[in-house]
Amino acid sequence: MSSWEEQLRDELAGRGVAVSSVPGKGRALIATRSFSPGNPTPRLSPAIPSSGTDNYNLVDALESHISEVNKYQKEIHAQMANVVQMILPSLELDHNAITHTFSKFSCNAFTICDPQLKPVGTGLCLVISTINHSCAPNAIVIFEGRTAYLRAVQPIANNEEVLISYIDTAAPTVKRQYYLKPYYFSCTCPRCEKDSEEDALLEGYRCKDQKCDGILLPNSDYSEAASMYKIVEEQERKLYHTLSTFLLRTWNALSKIHIELKDFQTALKYNRLTIQVYERVYPPFAPLIGLQLYTRGKLQWSLGYIQDALKSLTRAADVLRVTHGTTSEFMKELLCMLKECKRSLLWR
Ligand SMILES: C[S@@+](CC[C@H](N)C(=O)[O-])C[C@H]1O[C@@H](n2cnc3c(N)ncnc32)[C@H](O)[C@@H]1O
């Protein structure tokens, strides 16, 4: 059996790309000639005829980040390995090896989309798994049926690394970094390294002066945003059902804006509406319900409604104990607030 290097070299021969190592990134796909979007060669690499079975030994070479996988995730992978062993007892598969394979799957698998970019499944595409990420990618993977095509979206010079995006790039840096967590690296692409001007644009409110194309900086006066969102909410109430996710998003935004404005009473009103929807559509132990209840408790606490705060924080803790456990800093903070709330009622 040839090594993965030999197999990949054979697979990629004549396609204008090669696999090579890049310091700090592991394997990378490098262009061995130049490409430009659409013209003259739209396909950076034609379909690679490979299937999970004929190339299974290539799975060995995939990155697993096994030493960085957290306890909770390891537990999930181990449970999935139990299921595999139960379904396929005759194969006598090693439990650790299956767990390891699931870790590889989680940082190498692709969402397979239809031509309209709607997700239709998840898969491992062994050559494409060698491509690293950038939030400003120079290539994109498009699936046609079961075949993956890698196409340039920016000019790629000979010897340049081919980069795709693993995530939705239309998000500010903090969110993109959050989406990249399952891949265990911190992105140093130009967008992540730049100052926050683009981030402010992606999340910002426009300047109150309609002639100005500027944005409101964080910590600005959010009263304009509050009154605009109120108008949006009034219109949405006419158009949508009260369980609609459009209204939910607006209530969430209004709650956050009023927290910024330190108008906790109004923030509490929108928080209550949000919780009402979540409680109708989610199961009782949904983390989002717990998180909103936590916010509710904090708002009530700030307003001096200690009895109500105790109720909300107790319910928040009941939900989040199930979803988040009790040992994280986040949970310790919540449980500490709950204790303080109880103590303050005792001394009344
Ligand atoms: C799909 S694999 C890409 C190929 C990988 N470099 C390898 O050696 O197998 C995803 C992993 O590559 C690494 N990676 C991808 N993009 C990176 C980047 N921009 N900077 C550093 N590491 C990156 C991370 O370890 C990530 O979990």
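Residues numbered from 1 in each chain as written. Predicted model: local features only at pLDDT ≥ 70, side-chain atom pairs only at ≥ 80, totals over all residues. Heavy atoms only, no water.

Q: Just to check I follow, could you spell out the overall build of the protein for this structure?
A: Counting its secondary structure elements, the protein contains 12 helices and nine strands. Dimensions of the protein, computed from C-alpha atoms along their principal axes, come out at roughly 75 × 60 × 40 Å. Put simply, the protein has 348 residues, and 36% of those count as buried. Charge centroids of the protein, computed over 39 positive and 37 negative side chains, lie 7 Å from each other. (Helix = DSSP H or I, 4+ residues; strand = E, 2+ residues; numbered from the N terminus. Buried < 20%, exposed > 50% of the residue type's maximum accessible area, 1.4 Å probe, protein only. Lys, Arg positive; Asp, Glu negative; His and termini not counted. Charge placed at Lys NZ, Arg CZ, Asp CG, Glu CD.)

Q: I would appreciate a short explanation of the packing of aromatic side chains in the present structure.
A: A ring pair, where both rings are aromatic, is described by two values, the distance of the centres and the angle of the planes. Under the criterion given, the structure shown has six aromatic pairs. Consider the rings of Y166 and Y183, whose centres lie 4.6 Å apart with planes at 50°: the pair is tilted. Highlighted residues: Y166 in the loop between β9 (163-164) and α4 (173-179) and Y183 in the loop between α4 and α5 (190-193), separated in sequence by 17 residues. Among the residues examined, Y166 registers a relative accessible area of 25% and is labelled partly exposed. (Phe/Tyr/Trp six-rings, centres within 6.5 Å; stacked < 30°, edge-to-face > 60°.)

Q: What exactly am I supposed to notice about the pairing of strand β4 (residues 110-113) here?
A: Along any regular strand the residues' side chains alternate between the sheet's two faces. In the sheet, β4 pairs with strand β5 (residues 119-123) via four bridges, with the strands oriented antiparallel. Bridged to T111 within β5 is T122. Between β4 and β5, which follow one another and run antiparallel, lie five residues, and L117 among them has a positive phi close to 65°. (Pairing = 2+ DSSP bridges.)

Q: I'm lost on the nonpolar core in this one. Help?
A: The nonpolar side chains of a soluble globular protein tend to be buried, and buried together. Counting 26 residues, the largest nonpolar core has W251, Y294, L313, L334 and C341 as its most contacted members. Of all the secondary structure elements, the ones that give two or more residues to this core are α8 (245-260), α9 (264-281), α10 (287-302), α11 (306-324) and α12 (329-346). Considering every element that reaches this core, the biggest residue donor is α11, with seven residues. Non-local contacts of W251, meaning those with residues more than four positions away in its chain, are made with E233, R237, T242, Y270, L273, T274 and V277. In this structure, L8, L12, C125 and F143 belong to the second largest nonpolar core, which totals 20 residues. (Core = buried A, V, L, I, M, F, W, Y, C linked by side-chain atoms within 4.5 Å. Contact = heavy atoms within 4.5 Å.)

Q: Is there a simple way to think about unusual backbone geometry in this case?
A: Leaving glycine aside, a negative phi is the common case for residues, and trans is the common case for peptide bonds. Phi is positive for N159, close to 80°, though the residue is something other than glycine. Among the secondary structure elements, N159 is positioned in the loop between β8 (147-152) and β9. By relative accessible area, N159 is classed as exposed at 63%. Even without a glycine there, the phi angle at Y184 is positive, about 55°. Tracing the chain through its elements places Y184 in the loop between α4 and α5. The exposure class of Y184 is partly exposed, given its relative accessible area of 27%.

Q: Sorry, what's going on with the environment of I167 here?
A: Within the secondary structure layout, I167 lies in the loop between β9 and α4. As a C-alpha pair, I167 and Q177 span 10 residues in sequence and 9.5 Å in three-dimensional space. Apart from the residues lying within four places of it in its own chain, the contact partners of I167 are H133, R176, Y179 and L180.

Q: Before we go on, may I ask you to explain the pattern of salt bridges in this structure?
A: Pairing is possible between side chains that carry opposite charge, provided their charged atoms lie close to one another. On inspection of all chains with the given rule, the structure shows eight salt bridges. Here E198 ties to R176 by a salt bridge, and the two come within 3.9 Å at their closest N and O atoms. Residue E198 is located in helix α6 (residues 197-203), and its partner R176 is located in helix α4; the two are separated by 22 residues in the primary sequence. On the accessibility criterion, R176 (0% relative accessible area) is buried. For R321, the salt bridge is made with D318, and the minimal N-O distance between the two is 3.3 Å. Taken as a pair, R321 and D318 lie in helix α11 at a separation of three residues, close to a single helical turn. A relative accessible area of 38% means that R321 is categorised as partly exposed. Residue classification places D318 among the partly exposed residues on the basis of a relative accessible area of 39%. Members of the salt-bridge network, linked through shared partners, are R176, R191 and E198. (Salt bridge = Lys/Arg side-chain N within 4 Å of Asp/Glu carboxyl O.)

Q: It is not clear to me how the site of the ligand should be interpreted in this structure. Could you clarify?
A: Among the 16 residues in the neighbourhood of the ligand, the closest are listed as K25, R27, H65, N132 and Y183. At 2.6 Å from an oxygen atom of the ligand is found a side-chain nitrogen or oxygen belonging to H65. Between the ligand and H133 there is a distance of 2.9 Å, counted from a nitrogen atom to a backbone nitrogen or oxygen. Here the ligand loses 94% of its free accessible area of 570 Å² to cover by the protein chains. Looking at the shell around the ligand, the elements with two or more residues in it are β2 (26-31), α3 (95-108) and β6 (132-133). A breakdown of the residues in the shell around the ligand according to their chemical character gives five nonpolar, eight polar and three charged. (Near = heavy atom within 4 Å. Polar contact = N/O pair within 3.5 Å; in protein donor to acceptor, adjacent residues only side chain to side chain. Areas by Shrake-Rupley, 256 points an atom, 1.4 Å probe, with all protein chains shown as cover. Nonpolar A, V, L, I, M, F, W, Y, C, P; charged D, E, K, R; others polar.)

All we've got here are geometric facts, nothing functional implied.
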